[in-house]
Every structure is written in C-alpha cells, then in structure tokens.
Amino acid sequence: MNAAPSKTDARARILAAIRAVPAGSVAGYGHIARRAGLPARARLVARVLRDHGDPDLPWHRIVRSDGRIAFPDGSAGFREQAQRLRAEGVTVTRGRVRMPAGDTLDAALWGPDGHD
DNA sequence: ATTTTGACGACCC
DNA sequence: TGGGTCGCCAAAA
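What you see as residue numbers is a count from 1 along each chain, following the sequence as written. Numbering of ligands from 1 and lettering of chains from A proceed in the order in which they are written. Confidence filtering applies because this is a predicted model: local features only for residues at pLDDT of at least 70, side-chain atom pairs given and counted only at 80 or more, and all residues used for totals across whole chains, interfaces and linings. Excluded from the side-chain calculation are hydrogens and water; included are all heavy atoms of the structure.

K.L.:
Looking at this structure, I do not really get the protein's contact with DNA strand B. What am I missing?
P.N.:
Taken together, 13 residues form the shell around DNA strand B, and within it Tyr29, Arg43, Trp59, Arg64 and Ser65 come nearest. Backbone atoms, meaning sugar plus phosphate, form 45% of the atoms of DNA strand B positioned within 4 Å of the protein. The contact in question runs from a phosphate oxygen of DNA strand B to an N or O atom on the backbone of Gly30, over 3.2 Å. Counted as a polar contact is a pair of N or O atoms within 3.5 Å, where, for protein atoms, one must be capable of donating a hydrogen and the other of accepting one, and residues adjacent in sequence contribute only when both atoms are in side chains. The separation between a base nitrogen of DNA strand B and a polar main-chain atom of Leu49 is 3.4 Å. Here a strand is any run of E in DSSP of at least two residues, a helix any run of H or I of at least four, and the numbering for each starts at the N terminus. Listed by contribution, the elements that provide at least two residues to the surface near DNA strand B are helix H2 (29-35) and helix H3 (42-51). Ranked by the residues each element gives to the surface near DNA strand B, the list is headed by H3, at five residues. Of the residues assigned to the surface near DNA strand B, the class counts are seven nonpolar, three polar and three charged. Any residue with at least one heavy atom within 4 Å of a molecule or strand is counted as near it. Just so you know the grouping, Ala, Val, Leu, Ile, Met, Phe, Trp, Tyr, Cys and Pro go in nonpolar, Asp, Glu, Lys and Arg go in charged, and all remaining residues, Gly too, go in polar.

Structure below.
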C-alpha cells in the first residue's frame, strides 16, 4: 500500500535503517536504501546522512558498497569515520573496511523479511 | 524549466 | 585492485 511514501517518511525509514546497523558492523548506502524500501536511492541516503542532525546516529557505520569510506581521503570526516569504526572493532585498511560477504549473514543480523 | 552537483551503485576492462 | 562509464534521484544554481 505504500506506493508513494512522502519524502519525510522516506527520510525516517532511512534513519531507522541506519540505526538498525549493529555496532561493530557496517552497511553500504544502497544497502540502507534497499532496507528502507527505497531501491536505487543510495544518493538519498547520502543526502540524509549529510543533513541528519542527530548526534546519536551511527553515520560512521555507513560506507560505500565497495567498503570504502565515502569521504575524500585524508579529510576530517574520513579520519573521524575511520577512527570511530576502529573504536568499534572494525578493521580499517587504507580507508577501506571489509564488507559483509553475502546477504545471508545480513539477513541473519537484520531479519529475513522485515524487522525494524 | 534546464543544468549541475553529490557522504552512490552496477558494469566493464 | 583499480580506473572509467553510465544510470539514478533530489536539491541547488
């Protein structure tokens, strides 16, 4: 029934999906978008992350689909994200983290159908 | 209304 | 792994 989710709702879903990422783990932008019911809206996720305004939001757990940090190498955001991830036990090598292998593990972590 | 931009992604080589 | 192309979408210019 939700054929036309308003932008506000979409944003709320995205934020929820981001908060659903467990500490010590990472997720891609497209991954979050899909999880929020918004396929092909990875860029929207980026936009939300840029604006969010919630200090508790685990934005640092969101990386590119290839595992690379989305900030320019060497930038403040880049370093901060790497630092935060390491603080959670995530290994960051050359600004890159190891992405979860298959969706199977992903489903196990988040729920096979819908669990937010 | 048209073009550019951006914390992106899938493909290809 | 790494570099380049093309597609996608919303906000800004």
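K.L.:
Just to check I follow, could you spell out the confidence of the model for chain A for this structure?
P.N.:
It should be kept in mind that the predicted coordinates are not to be read in detail where pLDDT is low. Confidence of the predictor at the level of single residues is captured by pLDDT, which takes values from 0 to 100. Within chain A, residue pLDDT values average 88, and 84% of them lie at 70 or more. Element-level pLDDT for chain A is lowest in helix H5 (residues 103-110), with a mean of 59, against a maximum mean of 97 in strand S2 (residues 62-63).

K.L.:
Is there a simple way to think about the nonpolar core in this case?
P.N.:
Note that soluble globular proteins tend to have their nonpolar side chains buried in a common cluster. Core analysis: the largest hydrophobic core is formed by 18 residues, its most contacted members being Ile14, Ile18, Ile32, Val45, Leu49 and Ile62. Taken together, the elements giving at least two residues each to this core come down to helix H1 (7-19), H2 and H3. Sort the elements by how many residues they give to this core and H1 lands first, with five residues. Setting aside chain neighbours within four positions, we find Leu49 in contact with Ile18, Tyr29, Leu57, Trp59 and Ile62. Core analysis: the next-biggest nonpolar cluster, separate from the first, contains nine residues, Val26, Val63, Phe78 and Val97 among them. In these notes, a set of buried Ala, Val, Leu, Ile, Met, Phe, Trp, Tyr and Cys residues joined through side-chain atoms within 4.5 Å is what counts as a nonpolar core. Any residue under 20% of the maximum accessible area for its type is buried, any over 50% is exposed, and the rest in between are partly exposed; the area is computed with a 1.4 Å probe on protein chains only. Any two residues whose heavy atoms approach within 4.5 Å at even a single point are treated as in contact.

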